[in-house]
Each structure stands twice: as structure tokens, then as C-alpha cells.
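Chain by chain, the residues:
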Amino acid sequence: MRKLIAITCMLLSSSMANAEDVYEIGPDSPKEDEWNYLIAFPMVWAPDISGAISADTERVDIDVPFKNIIDNLNFGVIGELYAQKGNWLYSLRVNYLRIKSDSQTVGLKGPITGGIISPGHNIETDMHLAVNDFLAGYEVSPGLRLFTGVRHVFSKIDLNVTPLKDDGFININAEVPVADEHLFDWLVGATYRHWFTESWGMSVGADTMIYGDNDRDFGFNATALYRFGHLHNVWVGYRYLQIGNDSHLDGVKYEIDFIEKGPQIGWAFSF
């Protein structure tokens, strides 16, 4: 089921481009002996999905606009917690989505008699998707941070297939579990942030996996930071995430790559 992780990650609205990318308490350096915290909530990522599935010489391109994702969103929550003491930084990011959608297949009639072979079916898709990151980093020079940690991805996908009519030879009524798995990647990355004034700053960062259950896992982020008052921060930027896997099935090699990219905005409280 490893191929499903690509689709899973792409559906997540926070798939997680990098974990230390926009953490910032303020333009002043934190005191060495004090903990400083930042809680980001709410966060919104509005990505479009593009991708490709290649099998030997065949290739299928995929394009899913953000509107299609949000139309089928049943429940979602994103939360992020960052902590810093001196040059050491830690982050925990939690993302959960439940997406439910319905689609119908076209029925099939016999070519001669016109009798119903299949009445068509309703396919209800129920997806539970989660991405959780725990990372630790160190500020090696002012504004430059290196980090490493673990990304956990959970996907549970079930199909409920029911016939549109009680008729025909092909009449399927079944609940089909498609995926129920936990996958882990070990990430490394770097971020750089700079404050131009007391209120305005910027941050860029990237991460990539060095070992894990996926074959490719790469993210990039660029964000503008605005701070007002002691507690409040606004983040506005752009995120990119690519997840890829290779597999062999019945002698055919499959290469699956999905790209999720789009604008992001968030509100953060620092203390």
C-alpha cells in the first residue's frame, strides 16, 4: 500500500513542507536561560495538487484544484507548537483531516437484448489522513537553523460500494478497506530568517528525507512575517511539497510523484 502514501500526503492541507520554517518569536534573540514558545492556530493552506503515475512507457497526469478538496472536506484541524531555549529549538506539528466524497459509476446494458448487466454503483470514500512532525534544531549562526526529526503519516481509507438499483448480474454491495497504515520518514533541513524592522521579517526553508518509508519527500517554504504587539504574529507565504514512491507489481515498475503547492496564511501567539 506504499503507493497510497503519495495520494495521502497530497490531500493534507498542511502536508508539511518544513518544520522550522516560520517559527519566530521576534527580532530580538531569546534569553539563554528562558523558554520561549509560539502556538500557531489557526493555520490555512490552500494547495492545488498535480502529479503523475508512470508505468513503463505509460504515463497518467493528475490535476486536482483546491476547490475540489475543500468541497469534500468533512473535518480538519491543524496545530503547531514551537519552543526555543537559547540556540536549541523544538517543534511539534499536528495535522488531521477527514474527507468524505461520493461518486457514481455508469450502468451497463447488454448489446443485444438491452437488459441490465450492471445498474451502476455509488462509491462512498471515507479517508482519515494525518501528518505529525516532531523535530529538533539548532541555530548555528544568527538566523540560520539546522534541524532533524521524524515525520509520521497515517492514512485510513475505506470504500463503501452500493448498487444504484437492485438489478443486473453485476451487483456489488461491499465495504472495502483500501489502506490502514503508519509510515515514517527521517528528515533533515535548514531555515533562514531575517527581520528587516521590528515588525517585518521573512523566512525561507527546505527539508528532505534521508531515510524512511517513502522514496522521495521534499518540501520548500517562503514566508513573510508580520508582528504586532507582544503576542501576535501573522504569516503569509507559499508552500511546496513533493512525495514520491517507486514499486513493482506484476513485473511492471510504477513511479508515483505528487506535488502539492499553494498559498498559506496563519496566526501565531508568542510568549
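Scoring rules and cut-offs
- Residues numbered from 1 in each chain as written.
- Predicted model: local features only at pLDDT ≥ 70, side-chain atom pairs only at ≥ 80, totals over all residues.
- Heavy atoms only, no water.
- Core = buried A, V, L, I, M, F, W, Y, C linked by side-chain atoms within 4.5 Å.
- Buried < 20%, exposed > 50% of the residue type's maximum accessible area, 1.4 Å probe, protein only.
- Helix = DSSP H or I, 4+ residues; strand = E, 2+ residues; numbered from the N terminus.
- Contact = heavy atoms within 4.5 Å.
- pLDDT = per-residue confidence, 0-100.
- Salt bridge = Lys/Arg side-chain N within 4 Å of Asp/Glu carboxyl O.

### Here we look at the nonpolar core
Thinking step 1. In this structure, Leu38, Ala40, Met43, Ile78, Tyr82, Trp195, Leu225, Trp235 and Ala268 together form the largest nonpolar core, which totals nine residues.
Thinking step 2. Elements with a minimum of two residues in this core: strand S1 (35–45) and strand S4 (73–85).
Thinking step 3. The element that contributes the greatest number of residues to this core is S1, accounting for three residues.
Thinking step 4. The contact partners of Met43, leaving out residues within four places of it in the chain, are Ile78, Glu80, Trp235, Gln264, Ile265, Gly266 and Trp267.

### Regarding the confidence of the model for the chain
Thinking step 1. Across the chain, the average pLDDT comes to 75, with 67% of residues at or above 70.
Thinking step 2. The lowest-confidence element of the chain is helix H1 (residues 4–11), averaging 47 in pLDDT; the highest-confidence one is strand S11 (residues 200–212), averaging 92.
Thinking step 3. Every residue in residues 3–8 scores below 50 in pLDDT, and together they form 23 contacts with partners more than four places removed in sequence or on other chains.
Thinking step 4. Note that pLDDT drops below 50 for residues 10–24; the model gives that stretch 99 contacts with residues more than four away or on any other chain.

### So, the pattern of salt bridges
Thinking step 1. Throughout the structure, instances matching the rule amount to six salt bridges.
Thinking step 2. For Arg151, the salt bridge is made with Asp207, and the minimal N-O distance between the two is 3.6 Å. Within this pair, whereas Arg151 is found in strand S9 (residues 144–163), its partner Asp207 is found in strand S11, the two being separated by 56 residues in sequence. The residues Arg151 and Asp207 share a single accessibility class, namely buried.
Thinking step 3. A salt bridge links Arg151 to Asp217; the shortest N-O distance between them is 2.8 Å. Here the residue Arg151 occupies a position in strand S9, and Asp217 occupies one in strand S12 (residues 216–228), the gap between them amounting to 66 residues. Each member of the pair Arg151 and Asp217 is classed as buried.
Thinking step 4. Among the charged side chains, a salt-bridge network with shared partners connects Asp133, Arg151, Asp207 and Asp217.

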